[in-house]
Amino acid sequence: MDRQIIISIGREYGSGGHEIARRLSQKLGMPLLDSTLFQAAAADSPELKKYDEKVKNVWFSRSVSGYSNSIEENIAQKEFDFIQEKAAAGESFVVVGRCSDFILRDNPNLVSCFITSETAAKLERIETYYGVEKGKAEAAMHRKDKARAEYHDQHCKTSWGKARSYDLTIDSSRFGIDGTVELIFSAIAFAK
Amino acid sequence: MSAAQIIAVVIFLAMFVMIVMDKVERQYVTLVSGGLVIAIVFGLCMHSTEAIMNTLNLKTIFTLPFWYGESEGVSVGINWATIIFIAGMMIMVEGLGKAGVFRWLCLWIAKKVHYHTVPLLICFGTISALLAMFIDSITVILFLAAVTVELARTLKFDPVPMILTEIFCANLGGSATMCGDPPNIIIGTSLHLSFFDFLSNTGAIAGICFVFAIIYFYLCFRKELRESEALRDPDTVYPNPEDAITNHKAFIANIIVFLFIVCLLVTHAQTGFSVALIGVIAAFLTVLTALVTSEKGTAPGIIKGIDYKTLLFFVGLFIVVGGLEETDILKAIASFIDKMSGGNVYLMVAIVIWVSAIASAFIDNIPFAATMVPVIRDMAAAMPGVNLNLLAWTLALGVDLGGNGTPIGASANVVGTSIAAKNGHYITWGRYCKYCAPATVMVTLVSMLCIYARYLG
């Protein structure tokens, strides 16, 4: 496609959102902006892996005139700047999470998606793909989703996972991973 | 406790929690809290127009002693002198920054020590303390940390040790004078102390602490910095200080204005100029300088540099503290400290300095100082043997030095750690506290012993 396309994928843990983003990037021949890329971009900063997409602790953080001591916040801001710079440069890409649905909301070429799924399907995926023990998968899912929601809502004026915050909200257990990829791919052509 | 007292305390505590949580910008928090104090505490509970007028304290601006001459008594309510002075200094600092003065100074020092890292650590620590005596520590760290990161990139050293030293010394320097740190301005203007009073009391003690601090940081970081210097590329191209100057005329003019304002501050007890008047003079001269020496649009740009949010934060804060004052809550706190110390001045000094230091390490020291000023005033009034000035120096040193203890204790710490993080050098709580917490305990202890030796010996 000639015009710039940015696809933002928000996702519940175990919904296959990352896999959908990866397949979309391959299908469209666009780079995938995910934790691997951000960590590679900051190879000399081991902190990035530790604090990537993490919520700041309000009791141990303080902001003064736009400056914050919170490592989580500084890393988030760096990633936001990185994403915004790429968007401003006219690049097309698929980005996973990192509040991209909100920080790029003014870009007319953005298609923001949120991937949800039935709990049973998510638990199966968490156990199969992430190797989490059967009894611990549900707790891990709740913990991860809570952290993602807090991270998103700490930086955005929209709510994580709420349909109004995105262009598309898709249940991947209903359409499957491939079906969801096709749905988003088809939707791009109609995006105004 | 009366309903007014309970509500005043609840509003105050809620305000503090909201400031710490940082969900809503702090000026909105204090202004809404201040509005609630006026409406509920003074209006509904106390039905007192006098309490409202006392707290708003507008009358004072239209009196001669507010601007010139010897003022008597103590201020209550909104401390307009603090607000006007800080606004004036913000304008002056903006002018100095725009002309490239701070950046030039940092690069000039680096050149003078031939870019050797250990002398640079000592010199940047020293300049940080000296500048913070006259301008706000946020600006000092903003420029120093930025230049440090830039030099670290060129000279291949870890900037974190130097940034930690600069932060610590900025807070230390701020404690030395009346205009160095907002708590000191609040203490000084509320109790009508002069710049020279601070310099000869907290300044002398801060000077002793500074020597301890510099030796401490030298011992902590000398090995690391020397090792990095040995690995430096011999073909390194060093930055030229002259490149920092954006406009030579403005550069010279702003330095003259700065030195003139320093002279006015040092001599304000003799000249009778109040700090509010000095703030207005600083703002006027800076804007005039910009109009004469710089291109069109510079002066409005400088005025826009005023941090209105901080000024509004102060307004709301003073009203909330005024609520505690008018309902006699602060008298009760003073009486409690009085009872705890059993009238023992040594113990009283220890309580004030350590409670202030520990509190300031975790919470904003500005609301803490604003709250404690009436408390120490009441303590001194209740105990004939206790000198108010002694408690003022103790409080100032406690809140200023305690802020060094954690990454969130003072504005300079937040700005310094943030600049480091923005450049890929993440300072965790652990790393910060490993070096700065022991140093904070050390200087607070030294200060307490100095107070004992000088005023109670």
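The structure contained in this document is the topic of the report that follows. (Residues numbered from 1 in each chain as written. Chains lettered and ligands numbered in written order. Predicted model: local features only at pLDDT ≥ 70, side-chain atom pairs only at ≥ 80, totals over all residues. Heavy atoms only, no water.)

**Some details on the packing of aromatic side chains**
On inspection of all chains with the given rule, the structure shows 21 aromatic pairs over all chains. Where A:F114 meets A:W160, the ring centres are 5.1 Å apart and the plane angle is 90 degrees; that geometry is what we call edge-to-face. Separated by 46 residues along the polypeptide, A:F114 in strand β6 (residues 110–116) and A:W160 in the loop between α7 (137–155) and β7 (168–171) bring together distant segments of the chain. Under the relative-accessibility criterion, A:F114 is labelled buried at 1%. Under the relative-accessibility criterion, A:W160 is labelled buried at 17%. Counting every residue linked through ring pairs, the aromatic cluster contains B:F168, B:Y216, B:F217, B:F221 and B:Y435. Against the face of A:F185 rests A:K27, its NZ or CZ located 4.8 Å from the ring centre. The ring of B:F313 carries B:R26 above its face, with NZ or CZ at 4.0 Å from the centroid. (Phe/Tyr/Trp six-rings, centres within 6.5 Å; stacked < 30°, edge-to-face > 60°. Helix = DSSP H or I, 4+ residues; strand = E, 2+ residues; numbered from the N terminus. Buried < 20%, exposed > 50% of the residue type's maximum accessible area, 1.4 Å probe, protein only. Lys NZ or Arg CZ within 6 Å of the ring centre and 35° of its normal.)

**Brief notes about the interface of chain B and chain A**
The interface of chain B with chain A comprises 26 residues on the first partner and 20 residues on the second. For the pair chain B and chain A, the summed buried surface comes to about 2100 Å²; carbon and sulfur atoms form 60% of the total. Residue B:D364 is joined to A:R62 by a salt bridge in which the shortest nitrogen-to-oxygen separation is 3.7 Å. Taken together, chain B and chain A are joined by five residue pairs in polar contact (both at pLDDT 80 or more). Among the elements of the structure, α1 (3–21), α8 (137–155) and α21 (411–422) of chain B are those that each provide at least two residues to the side of chain B that touches chain A. Among the elements that make up the side of chain B that touches chain A, the one with the highest residue count is α21(B) (eight residues). Broken down by class, the residue content of the side of chain B that touches chain A amounts to 15 nonpolar, seven polar and four charged. (Contact = heavy atoms within 4.5 Å. Buried area = accessible area lost by both parts, 1.4 Å probe. Salt bridge = Lys/Arg side-chain N within 4 Å of Asp/Glu carboxyl O. Polar contact = N/O pair within 3.5 Å; in protein donor to acceptor, adjacent residues only side chain to side chain. Nonpolar A, V, L, I, M, F, W, Y, C, P; charged D, E, K, R; others polar.)

**Regarding the sheet that holds strand β1 (residues 6–11) of chain A**
By way of backbone hydrogen bonds, the strands of a sheet pair with one another, either parallel or antiparallel. Residue and element names in this part refer to chain A. Read from one edge of the open sheet, five strands run β2-β5-β1-β6-β7, paired in parallel fashion. Edge positions in the sheet fall to β2 (32–33) and β7, since each of these pairs with one other strand and no more. Alignment of β1 against strand β5 (residues 93–96), held across four bridges, turns out to be parallel. Of the residues in β5, the one forming a bridge with S8 is V95. Docked against the sheet, helix α1 (residues 17–28) engages β1, β2, β5 and β6, running at close to 165 degrees with respect to β1. (Pairing = 2+ DSSP bridges. Axes fitted to C-alpha atoms, helices over the stretch in contact; angles between N-to-C directions.)

**Here's the deal with the environment of A:E72**
All names here are of chain A. By the secondary structure assignment, E72 is in helix α4 (residues 71–88). Relative accessible area serves as the criterion here: at 16%, E72 is assigned to the buried category. Between the C-alpha atoms of E72 and K49, which are 23 residues apart in sequence, the distance is 10 Å. Residues in contact with E72, not counting those within four places in the same chain, are Y51, K54, V55 and K56. At 3.2 Å, the side chain of E72 and the side chain of S70 are in polar contact.

**Looking at a nonpolar patch on the surface**
All names here are of chain B. Judged by side-chain polarity, L31, I303, Y308 and L312 come together as a nonpolar surface patch covering roughly 340 Å² of accessible area. For L31, the location among the structural elements is in helix α2 (residues 26–45). L31 gets classed as partly exposed once you look at its relative accessible area, which sits at 32%. (Patch = residues over 30% accessible without salt bridge, like charges linked within 9 Å, V, L, I, M, F, W, Y side chains within 5 Å. Areas by Shrake-Rupley, 256 points an atom, 1.4 Å probe, with all protein chains shown as cover.)

**So, helix α10 (residues 182–191) of chain B**
All names here are of chain B. Within α10, nine of the 10 residues are buried, leaving the element largely enclosed by the surrounding structure. Along α10, the residues that are buried comprise P183, N184, I185, I186, I187, G188, T189, S190 and L191. At the C-terminal side of α10, H192 shows a positive phi close to 55 degrees.

**What to know about the packing of helix α18 (residues 345–362) of chain B against helix α19 (residues 365–382) of chain B**
Residues and elements named next belong to chain B. Contact geometry for α18 and α19: axes closest at 10 Å, N-to-C directions at 165 degrees. Taken as axis vectors, α18 and α19 run roughly antiparallel relative to one another. Judged by the twist between their axes, the crossing of α18 over α19 is right-handed. Counted together, M348, V352, V355, S356, A359 and S360 of α18 and N365, F368 and M379 of α19 form the full contact between these two elements. In terms of residue class, the contact of α18 with α19 is made up of six nonpolar, three polar and no charged. (Parallel < 35°, antiparallel > 145°, perpendicular 65-115°, else oblique. Left-handed = near helix turned anticlockwise from the far one by under 90°.)

**What to know about unusual backbone geometry**
The phi dihedral of A:C99 is positive, around 60 degrees, even though this residue is not glycine. Within the element layout of this structure, A:C99 appears in the loop between β5 and α5 (100–103). Accessibility expressed as a relative area gives 3% for A:C99, which makes it buried. The backbone of B:K156 shows a phi angle near 60 degrees, a positive value even though the residue is not glycine. Here B:K156 lies in the loop between α8 and α9 (160–174).

**Focus on the packing of α1(B) against α2(B)**
Axes are the key here: two packed helices are described by the angle between their axes and the distance separating the axes. Residue and element names in this part refer to chain B. Where α1 meets α2, the closest approach of the two axes is 10 Å, and the angle between their N-to-C directions is 175 degrees. Between α1 and α2, the angle falls in the class roughly antiparallel. For the pair α1 and α2, the contacting residues are A3, A4, I7, A8, I11, M15, M18 and I19 in the first and R26, V29, T30, S33, L36, V37, I40, V41 and C45 in the second. Residues belonging to the contact of α1 with α2 are distributed by class as follows: 14 nonpolar, two polar and one charged.

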